[in-house]
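# Structural features, examined
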Amino acid sequence: MQFSELGLSAELLRAIGEQGYSTPTPVQAQSIPHILAGRDLEALAQTGTGKTAAFVLPLLQRLSTTTPSPLQKVGHSAPRVLVLVPTRELAAQVLASVRTYGAHTGLRALAVFGGVGINPQIQSLRRGIDILVATPGRLLDHLNQRTVDLSKVQTLVLDEADRMFDMGFIRDIRRIIERLPKQRQNLMFSATFAAEVRELAHAVLQDPALVEVARRNTPAELVGHSVIKVDKERKRDLLLHLFAAHGWHQVLVFCRTKHGADALARKLEQAGVRSAALHGNKSQNARTRALADFKDGKLAALVATDIAARGLDIDALPRVVNFELPNVPEDYVHRIGRTGRAGASGEALSLVSSDERIQLRDIERLLKREIASSILPGFEPQHTHEVPRASAGRPPAHKPAPARNRGGSARPGGSRPGGPRPARAGAGGSGGGKPAGHHSGQRHR
Ligand code: AMP
């Protein structure tokens, strides 16, 4: 299918062409006709699938073909489309998409989010806008100050709805929804449909069209996953070694804590790897600058916490490194969603110490596959990586349990938890994902 078959206007097709896109992604092909027809939509689509354009394009089209009310014509600050997003970065990214695809439409868009002064936003709102992208907290601030009027909203988009729940925004969202006209179009995008997301969908969406482009919790298939087992205290040296040995130039590195991210970015910088940290304690200016420098190739490493995992759109990011595994396995999926976007291939490498074996096991369960692991000469772990049987999530067995293959998880050759196993190239679909020069060792279970 071509974009030209979707019934989009010449202005939009021109902007799409300028981006070099001719073929809609599956979520775009499936969603755009429903949105153009004015239907509500419930879409299960991860970031990286092209979901932003899937709602931005048809909404731009609908806005260009409907006339704003006279009040809006004279610059009243009443948007007709409201996009709610969980993070500042995603807000900035959605706004960039709106501006890119809407370049020839004359429609006006603005993003409002916290961490920056509210006054410039108030002034921009006064000048009048058609599309407002907002994080919930700052939008409520504007509502309380009466600097925005949501009474003309025709379409509400809830983007990354699951993340809104994770970040505790659900009350804010409900308060915002109360301020919207009852008659409106509602679109909800989410990477997972956990029970609470379904509940919100049920409350908000009217007879929605359903679009599902990725299986639940399935990470981008093109990403190669691999693990290097290493002791915790050697991780920094190992990471430096990998930068030096492979000449890595654009690596998104994930840490669990802000403090850890700062410390690692400093250490990398000291060792000559241009780096910056990206996390919630950084000012918006620092975050924007770090991201811009990283995208421009001025930084070899961006060291981020999970809060930064959503909403980062970096074209063709070749590599994500988990310096520490996340505690919540779903966050692994979000992290690696930064690479392998829209058809590009990428590598997700995790440095795993023995204290993280439970997290690794949970991630493998979620992925329903084993991740190939290896040990790098000179960085052999001294601590064991065995998962204690009692905490391996199995019922206590009175006699040895037969080999199991739970939920399709790959454990070829039967169950030999943690036992030495010969190297198996490409195991777990991670072929090509290993840095050169390390050998396969004992496998994780
Ligand atoms: P998203 O899932 O919205 O975060 O988009 C992921 C990436 O895919 C972004 O960098 C988009 O610019 C890109 N993209 C969106 N639509 C297409 C398309 N039809 N063909 C190729 N790339 C696309």
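Please refer to the structure higher up on the page.
Our subject in this report is the structure included herewith. (Residues numbered from 1 in each chain as written. Predicted model: local features only at pLDDT ≥ 70, side-chain atom pairs only at ≥ 80, totals over all residues. Heavy atoms only, no water.)

## Considerations on the overall build of the protein chain
In terms of regular secondary structure, the protein chain is built from 15 helices and 15 strands. When the 445 residues of the protein chain are sorted by exposure, 56% land in the buried category. Relative to all contacts within the protein chain whose residues are 6 or more apart in sequence, the contacts with residues 24 or more apart total 77%. As presented, the protein chain carries roughly 18900 Å² of accessible surface, and 50% of it is formed by carbon and sulfur atoms. (Helix = DSSP H or I, 4+ residues; strand = E, 2+ residues; numbered from the N terminus. Buried < 20%, exposed > 50% of the residue type's maximum accessible area, 1.4 Å probe, protein only. Contact = heavy atoms within 4.5 Å. Areas by Shrake-Rupley, 256 points an atom, 1.4 Å probe, with all protein chains shown as cover.)

## Description of the packing of aromatic side chains
All chains considered together, the criterion is met by two aromatic pairs. Consider the rings of Phe-55 and Phe-189, whose centres lie 5.1 Å apart with planes at 45°: the pair is tilted. Linking Phe-55 in helix α3 (residues 51-65) with Phe-189 in strand β6 (residues 185-190), this pair joins segments that are 134 residues apart in sequence. Since its relative accessible area comes to 0%, Phe-55 is described here as buried. An angle of 75° between the planes, with centres 5.4 Å apart, marks the rings of Phe-243 and Trp-248 as edge-to-face. Just as Phe-243 is buried, Trp-248 falls in that class too. Here the guanidinium or amino end of Lys-235 rests over the ring plane of Phe-323, the centre of that ring lying 5.8 Å away. (Phe/Tyr/Trp six-rings, centres within 6.5 Å; stacked < 30°, edge-to-face > 60°. Lys NZ or Arg CZ within 6 Å of the ring centre and 35° of its normal.)

## A look at the nonpolar core
One finds Phe-55 and Leu-57 to be the most contacted residues of the largest nonpolar core, which totals 38 residues. Broken down by element, the residue count for this core peaks at eight residues, all from α3. When near neighbours in sequence (up to four residues on either side) are disregarded, Leu-57 contacts Phe-3, Leu-8, Leu-12, Ile-16, Ile-32 and Tyr-101. Within the second largest apolar cluster, 33 residues are counted, among which are Leu-110, Met-164, Phe-169 and Ile-173. (Core = buried A, V, L, I, M, F, W, Y, C linked by side-chain atoms within 4.5 Å.)

## Focus on the packing of helix α14 (residues 329-336) against helix α15 (residues 357-367)
α15 packs onto α14 with a crossing angle of 70° between their chain directions and a minimal axis gap of 8 Å. In this view, α14 runs roughly perpendicular relative to α15, as classed from their interaxial angle. Of the two possible hands of crossing, α14 and α15 adopt the one that is right-handed. Touching Pro-329, Glu-330, Tyr-332 and Val-333 of α14 are Asp-362, Ile-363, Leu-366 and Leu-367, all from α15. Its residues assigned to classes, the contact of α14 with α15 comprises six nonpolar, no polar and two charged. (Axes fitted to C-alpha atoms, helices over the stretch in contact; angles between N-to-C directions. Parallel < 35°, antiparallel > 145°, perpendicular 65-115°, else oblique. Left-handed = near helix turned anticlockwise from the far one by under 90°. Nonpolar A, V, L, I, M, F, W, Y, C, P; charged D, E, K, R; others polar.)

## Section: unusual backbone geometry
For Arg-146, which is not a glycine, the phi torsion comes out positive at approximately 55°. Here Asp-207, not a glycine, exhibits a phi torsion of approximately 45°, which is positive. Its location among the elements puts Asp-207 in the loop between α10 (195-204) and β7 (209-212).

## So, helix α2 (residues 26-36)
The complete set of buried residues in α2 reads Val-27, Gln-28, Ser-31, Ile-32 and Ile-35. The arc that holds the buried residues of α2, viewed along the axis, is 110°, so those residues lie on one side. If you follow the buried residues of α2, they end up packed against β1 (41-44), α3, β6 and β7. (Arc of directions from axis to C-beta.)

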